[in-house]
Amino acid sequence: MSSNAIITLRKKPNKLGLFPLAIRVTKNRKSNYIYIGHYVSLKDWDEKKKMVRKSYQNADYLNNLLASKLSETLKVLLELQTNNTDITSKQIKNEISFKNNGKSFFEVADMHMKELVANNKFSRLSVDKAYIDHLLKFSQSGQLSFQDINETFLKGYKAHLINNYVII
(Lines give C-alpha, C1' and ligand atoms only; values in the text may rest on other atoms or scores of the structure.)
Protein backbone atom coordinates (compact mmCIF):
# COMPACT_ATOMS: atom_id res chain seq x y z
CA MET A 1 0.00 0.00 0.00
CA SER A 2 1.79 3.12 -1.15
CA SER A 3 0.42 6.15 0.59
CA ASN A 4 1.82 9.32 2.03
CA ALA A 5 0.79 12.36 4.00
CA ILE A 6 2.14 15.88 3.76
CA ILE A 7 1.26 19.27 5.21
CA THR A 8 0.02 21.72 2.63
CA LEU A 9 -1.57 25.13 2.26
CA ARG A 10 -4.72 24.98 0.15
CA LYS A 11 -5.05 27.63 -2.51
CA LYS A 12 -8.69 28.42 -1.76
CA PRO A 13 -8.88 31.53 0.43
CA ASN A 14 -11.67 32.24 2.89
CA LYS A 15 -13.58 35.55 3.06
CA LEU A 16 -10.67 37.20 4.88
CA GLY A 17 -8.17 36.16 2.21
CA LEU A 18 -6.46 33.59 4.46
CA PHE A 19 -5.62 30.09 3.26
CA PRO A 20 -6.45 26.86 5.16
CA LEU A 21 -3.76 24.51 6.42
CA ALA A 22 -4.39 20.85 5.67
CA ILE A 23 -2.79 17.43 5.60
CA ARG A 24 -2.94 15.86 2.16
CA VAL A 25 -3.31 12.07 2.24
CA THR A 26 -2.48 10.48 -1.10
CA LYS A 27 -2.97 6.87 -2.12
CA ASN A 28 -2.87 5.57 -5.69
CA ARG A 29 -2.53 9.15 -6.95
CA LYS A 30 -5.82 10.17 -5.32
CA SER A 31 -5.69 12.85 -2.65
CA ASN A 32 -7.95 13.77 0.23
CA TYR A 33 -7.47 16.69 2.58
CA ILE A 34 -7.81 16.77 6.35
CA TYR A 35 -8.19 20.38 7.42
CA ILE A 36 -6.39 21.51 10.56
CA GLY A 37 -8.76 24.39 11.28
CA HIS A 38 -6.19 27.20 11.06
CA TYR A 39 -5.67 29.77 8.34
CA VAL A 40 -2.58 31.77 7.36
CA SER A 41 -1.72 34.25 4.65
CA LEU A 42 0.52 33.31 1.74
CA LYS A 43 3.33 35.52 3.04
CA ASP A 44 3.40 33.55 6.31
CA TRP A 45 3.76 30.13 4.64
CA ASP A 46 7.11 28.60 3.68
CA GLU A 47 6.35 26.24 0.79
CA LYS A 48 9.78 24.60 0.75
CA LYS A 49 9.91 23.77 4.47
CA LYS A 50 6.14 23.13 4.66
CA MET A 51 5.80 25.20 7.81
CA VAL A 52 4.62 28.59 9.04
CA ARG A 53 7.22 31.34 8.95
CA LYS A 54 8.40 33.17 12.06
CA SER A 55 6.58 36.29 10.84
CA TYR A 56 3.31 34.67 11.95
CA GLN A 57 2.48 35.65 15.54
CA ASN A 58 2.09 32.06 16.89
CA ALA A 59 4.38 30.28 14.44
CA ASP A 60 6.03 27.98 17.00
CA TYR A 61 2.72 26.75 18.43
CA LEU A 62 1.17 26.30 15.01
CA ASN A 63 4.20 24.42 13.67
CA ASN A 64 4.09 22.12 16.71
CA LEU A 65 0.40 21.49 16.06
CA LEU A 66 1.09 20.73 12.41
CA ALA A 67 3.90 18.34 13.34
CA SER A 68 1.72 16.49 15.85
CA LYS A 69 -1.19 16.20 13.40
CA LEU A 70 1.16 14.92 10.70
CA SER A 71 2.70 12.38 13.07
CA GLU A 72 -0.79 11.14 14.08
CA THR A 73 -1.67 10.76 10.41
CA LEU A 74 1.54 8.90 9.62
CA LYS A 75 0.96 6.64 12.63
CA VAL A 76 -2.45 5.64 11.28
CA LEU A 77 -0.97 5.05 7.83
CA LEU A 78 1.72 2.81 9.33
CA GLU A 79 -0.89 0.88 11.33
CA LEU A 80 -2.88 0.28 8.16
CA GLN A 81 0.26 -0.85 6.31
CA THR A 82 1.17 -3.19 9.19
CA ASN A 83 -2.28 -4.77 9.08
CA ASN A 84 -2.07 -5.04 5.26
CA THR A 85 -5.34 -3.17 5.06
CA ASP A 86 -5.95 -2.06 1.49
CA ILE A 87 -8.29 0.90 1.64
CA THR A 88 -8.78 4.08 -0.36
CA SER A 89 -7.49 7.53 0.48
CA LYS A 90 -11.03 8.60 1.43
CA GLN A 91 -11.30 5.71 3.90
CA ILE A 92 -7.90 6.67 5.31
CA LYS A 93 -9.17 10.23 5.78
CA ASN A 94 -12.29 8.96 7.55
CA GLU A 95 -10.19 6.71 9.80
CA ILE A 96 -7.90 9.61 10.75
CA SER A 97 -10.76 12.07 11.21
CA PHE A 98 -12.61 9.62 13.41
CA LYS A 99 -9.58 8.97 15.62
CA ASN A 100 -9.07 12.70 16.08
CA ASN A 101 -12.71 13.33 16.88
CA GLY A 102 -12.47 11.79 20.33
CA LYS A 103 -16.11 12.24 21.35
CA SER A 104 -17.87 9.26 22.83
CA PHE A 105 -21.39 8.22 21.94
CA PHE A 106 -22.71 9.49 25.26
CA GLU A 107 -21.08 12.92 24.85
CA VAL A 108 -22.86 13.32 21.51
CA ALA A 109 -26.09 11.99 23.07
CA ASP A 110 -25.78 14.57 25.85
CA MET A 111 -25.44 17.36 23.28
CA HIS A 112 -28.53 15.96 21.52
CA MET A 113 -30.49 16.02 24.79
CA LYS A 114 -29.50 19.63 25.46
CA GLU A 115 -30.60 20.54 21.95
CA LEU A 116 -34.00 18.94 22.54
CA VAL A 117 -34.42 20.95 25.76
CA ALA A 118 -33.39 24.15 23.97
CA ASN A 119 -35.98 23.48 21.25
CA ASN A 120 -38.73 22.65 23.80
CA LYS A 121 -39.18 19.12 22.42
CA PHE A 122 -39.97 17.54 25.77
CA SER A 123 -41.98 14.58 24.44
CA ARG A 124 -39.02 13.55 22.28
CA LEU A 125 -36.69 14.14 25.24
CA SER A 126 -38.33 11.51 27.45
CA VAL A 127 -38.22 8.87 24.70
CA ASP A 128 -34.59 9.54 23.75
CA LYS A 129 -33.54 9.62 27.40
CA ALA A 130 -34.98 6.14 27.87
CA TYR A 131 -33.10 4.89 24.79
CA ILE A 132 -29.84 6.33 26.07
CA ASP A 133 -30.37 4.97 29.59
CA HIS A 134 -30.97 1.46 28.24
CA LEU A 135 -27.85 1.69 26.11
CA LEU A 136 -25.84 2.96 29.08
CA LYS A 137 -26.97 0.01 31.21
CA PHE A 138 -26.03 -2.41 28.44
CA SER A 139 -22.61 -0.91 27.69
CA GLN A 140 -21.78 -0.58 31.42
CA SER A 141 -19.50 2.33 30.60
CA GLY A 142 -19.92 5.99 29.79
CA GLN A 143 -17.05 5.80 27.30
CA LEU A 144 -18.69 4.07 24.33
CA SER A 145 -16.97 5.16 21.12
CA PHE A 146 -18.72 5.11 17.76
CA GLN A 147 -16.15 2.65 16.51
CA ASP A 148 -17.29 0.13 19.16
CA ILE A 149 -20.82 0.12 17.76
CA ASN A 150 -20.76 -2.66 15.20
CA GLU A 151 -23.06 -5.51 14.18
CA THR A 152 -22.03 -7.74 17.09
CA PHE A 153 -22.62 -4.93 19.60
CA LEU A 154 -26.07 -4.20 18.15
CA LYS A 155 -27.09 -7.88 18.21
CA GLY A 156 -26.06 -8.09 21.87
CA TYR A 157 -27.96 -4.88 22.63
CA LYS A 158 -31.06 -6.25 20.92
CA ALA A 159 -30.86 -9.45 22.99
CA HIS A 160 -30.41 -7.34 26.14
CA LEU A 161 -33.53 -5.32 25.36
CA ILE A 162 -35.61 -8.41 24.65
CA ASN A 163 -34.46 -10.21 27.80
CA ASN A 164 -34.80 -7.27 30.18
CA TYR A 165 -37.55 -4.98 28.90
CA VAL A 166 -40.06 -6.97 26.87
CA ILE A 167 -43.10 -7.88 28.94
CA ILE A 168 -44.82 -11.04 27.84
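In case you missed it, the structure is sitting above this.
Residues numbered from 1 in each chain as written. Predicted model: local features only at pLDDT ≥ 70, side-chain atom pairs only at ≥ 80, totals over all residues. Heavy atoms only, no water.

> Quick question: what am I supposed to make of unusual backbone geometry here?
At Lys 50, a position not held by glycine, the phi torsion is positive, near 55°. Among the secondary structure elements, Lys 50 is positioned in the loop between strand S4 (45–46) and strand S5 (51–52). Even without being glycine, Asn 120 reaches a positive phi, approximately 55°. You can see Asn 120 is positioned in the loop between helix H3 (105–118) and helix H4 (122–139). Given a relative accessible area of 56%, Asn 120 falls into the exposed group. (Helix = DSSP H or I, 4+ residues; strand = E, 2+ residues; numbered from the N terminus. Buried < 20%, exposed > 50% of the residue type's maximum accessible area, 1.4 Å probe, protein only.)

> Please explain the packing of aromatic side chains as it appears in this structure.
The relation between two aromatic rings is expressed through the spacing of the ring centres and the mutual angle of the planes. Applying the stated criterion across every chain, the model contains 3 aromatic pairs. Ring geometry for Phe 138 and Phe 153: centres 5.2 Å apart, planes at 65°, overall edge-to-face. Note that Phe 138 is positioned in helix H4 and Phe 153 in helix H5 (residues 151–165), a separation of 15 residues in sequence. A centroid spacing of 5.6 Å and a plane angle of 50° characterise the contact between Phe 138 and Tyr 157, whose relative ring orientation is tilted. Here Phe 138, found in helix H4, pairs with Tyr 157, found in helix H5; they are 19 residues apart in sequence, far enough to count as distant. Three or more aromatic residues link up through ring pairs in this structure, and these residues are Phe 138, Phe 153 and Tyr 157. The side chain of Arg 10 reaches across the aromatic face of Tyr 33, ending 3.7 Å from its centre. (Phe/Tyr/Trp six-rings, centres within 6.5 Å; stacked < 30°, edge-to-face > 60°. Lys NZ or Arg CZ within 6 Å of the ring centre and 35° of its normal.)

> Please clarify how the sheet that holds strand S1 (residues 3–9) should be interpreted in this entry.
Backbone hydrogen bonds hold the strands of a sheet together, and the pairing may be parallel or antiparallel. Spatially, the 3 strands line up as an open sheet ordered S1-S2-S3, and their pairing is antiparallel. Edge positions in the open sheet fall to S1 and strand S3 (30–40), since each of these has one partner strand only. The sheet shows a mean angle of 20° between the axes of neighbouring strands, taken without regard to direction. The pairing of strand S2 (residues 19–27) with S3 spans 8 bridges and is antiparallel. Within S3, the residue paired with Ala 22 across the bridge is Tyr 35. (Pairing = 2+ DSSP bridges. Axes fitted to C-alpha atoms, helices over the stretch in contact; angles between N-to-C directions.)

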